[in-house]
Every structure is written in C-alpha cells, then in structure tokens.
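# Descriptive structure summary
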Amino acid sequence: ATAVTDALEVQLVPTAKAKVALGGTQNPDAYDAYLRGMNQLNNHPDEAGARSAAAALDEALRLDPGFALAYAARSRVRSILANTWANEVTLAEKLNAEARADADRAIQLAPLLGAAYEARATLIWGSSLNFAAAEADARRAIELEPGSLAALRTFSRIAASQRRTAEALERAARA
C-alpha cells in the first residue's frame with residue numbers, strides 16, 4: 001500500500017501513512033506466509049485448517065520476528081485451537097499461554113494495532129470468561145479500528161454472553 005501511495009504521489013499526513021504500515025512487514029515472504037495462514041484460518045474452519053494456519057504464521061514470524069499482525073493472528077489461531085480443539089486441559093492451558101504471549105507481543109510491537117487487542121479479547125473471553133477485561137480489549141480494538149469485522153464480532157459475542165442483547169445485535173449489524 002505504501003509503494004502504491006508513493007507511486008501515485010499521493011500525500012498522506014504522517015499518521016495516516018504510519019497506519020498503512022502499522023504492524024506489517026517489509027518481508028514479502030513473511031507476508032505471503034501470513035496471507036496463507038489467514039486463508040487457512042478464514043476458509044477452513046476445522047482443526048486441520050487451524051493447524052495449517054498456525055504453521056504458516058509460525059513461518060511468517062520466523063521470517064520476520066517483528067511482524068505484529070502475524071503475532072495477533074497466531075494468537076487468535078492458538079486460542080481457537082485451545083478452546084475448540086484441545087482435548088487435554090494441559091494442552092489447552094499451554095496453547096492459551098502461548099496465545100496470550102503472542103497477543104501481548106503484538107501489542108508491545110504495535111500498541112496502536114487494533115487486531116492485537118481483538119486477539120487478546122478473544123483469548124480472554126474464550127479462556128477465562130473475564131468479561132470486563134475482554135470487553136476492555138474489544139473496545140480498544142474498535143477505538144483503533146472502527147471498521148474491523150473481527151473486533152465488532154468479538155465485542156458482539158462478549159455482549160451477548162452477558163445478555164446485553166441490544167448492544168450485541170447493534171455491533172453484529174455493524175459488522
């Protein structure tokens with residue numbers, strides 16, 4: 001996106017240009033691995049798809065250890081694996097701890113990356129049912145990325161699980 005912007009000689013204010021690169025990578029192989037992981041995550045909603053997504057995201061992070069968006073995505077994948085597919089408590093706990101470390105690392109690398117807060121909200125909601133903490137992260141994600149489908153969906157699920165139906169439906173409709 002930055003290259004296209006520069007090629008078109010469009011002048012962005014510094015904060016807008018920074019948001020284009022927020023949490024991203026300059027490594028095309030890492031970005032390719034990230035896209036493969038996201039494809040698996042979004043188009044194969046089963047355990048094999050989640051494991052394939054995790055492997056691709058591992059590759060992206062091996063290629064670029066500073067790729068915050070990949071940490072956020074891997075956090076979501078690990079959370080899904082832990083809370084949907086893990087058949088042992090110790091495995092679920094291990095995956096949730098790794099997911100938490102990934103979300104925290106994404107936030108550390110890119111404190112303005114909404115996807116990082118959404119990933120942590122998903123993890124907290126799914127693993128501990130700490131609704132207040134999960135909602136705070138979901139609200140932060142929406143504040144940073146108001147049009148994020150994932151953040152709006154996560155907030156909707158958190159509100160619904162607390163029987164705040166009108167608020168859940170409003171966020172779901174926005175998503």
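Please refer to the structure higher up on the page.
These notes cover the structure that comes with them. It should be emphasised that the depicted structure is a prediction, and the values quoted were computed from it without experimental measurement. Position labels on residues start from 1 in each chain and follow its written sequence. This being a predicted model, a pLDDT of at least 70 is required before a residue's local features are given, and a value of 80 or more before pairs of side-chain atoms are given or counted; all residues contribute to the totals for chains, interfaces and linings. Side-chain metrics in this entry use all non-hydrogen atoms of the structure; hydrogen atoms and water are not considered.

Moving on: unusual backbone geometry. Positive phi is not limited to glycine here, since Leu129 has a value of about 55 degrees. Each helix is a run of H or I in the DSSP string that is no shorter than four residues. Each strand is a run of E no shorter than two, and both are numbered from the N terminus. As for its placement among the helices and strands, Leu129 is situated in the loop between helix H7 (114–127) and helix H8 (131–144). Residue Arg163 is not a glycine yet carries a positive backbone phi of 65 degrees. Following the sequence through the fold, Arg163 ends up in the loop between helix H9 (149–161) and helix H10 (165–174). Accessibility here uses a 1.4 Å probe with only protein chains present; expressed as a share of the type maximum, an area under 20% marks a residue as buried, one over 50% as exposed, and anything in between as partly exposed. Here Arg163 falls in the exposed class, since its relative accessible area comes to 76%.

Here we come to the nonpolar core. In this description, a nonpolar core means a group of buried Ala, Val, Leu, Ile, Met, Phe, Trp, Tyr and Cys residues linked to one another through side-chain atoms lying within 4.5 Å. Formed by 42 residues in total, the largest nonpolar core has its most connected members in Tyr34, Phe67, Ala70 and Val77. When residues of this core are traced back to their parent elements, those giving at least two are helix H3 (28–43), helix H4 (47–63), helix H5 (68–85), helix H6 (89–109), H7, H8 and H9. Leaving out residues up to four positions away in the same chain, Phe67 has contacts with Gly23, Gly24, Thr25, Ala30, Tyr31, Tyr34, Ala60, Leu61 and Leu109. Any two residues having at least one pair of non-hydrogen atoms within 4.5 Å are treated as being in contact.

The subject of this paragraph is the environment of Leu61. By the element assignment, Leu61 lies in helix H4. Of the residues examined, Leu61 reaches a relative accessible area of 6% and is grouped as buried. Sequence-wise, Leu61 and Tyr31 are 30 residues apart; in three dimensions their C-alpha atoms are separated by 9.5 Å. Ignoring sequence-local partners within four residues, the contact set of Leu61 consists of Phe67, Ala70, Tyr71 and Arg74.

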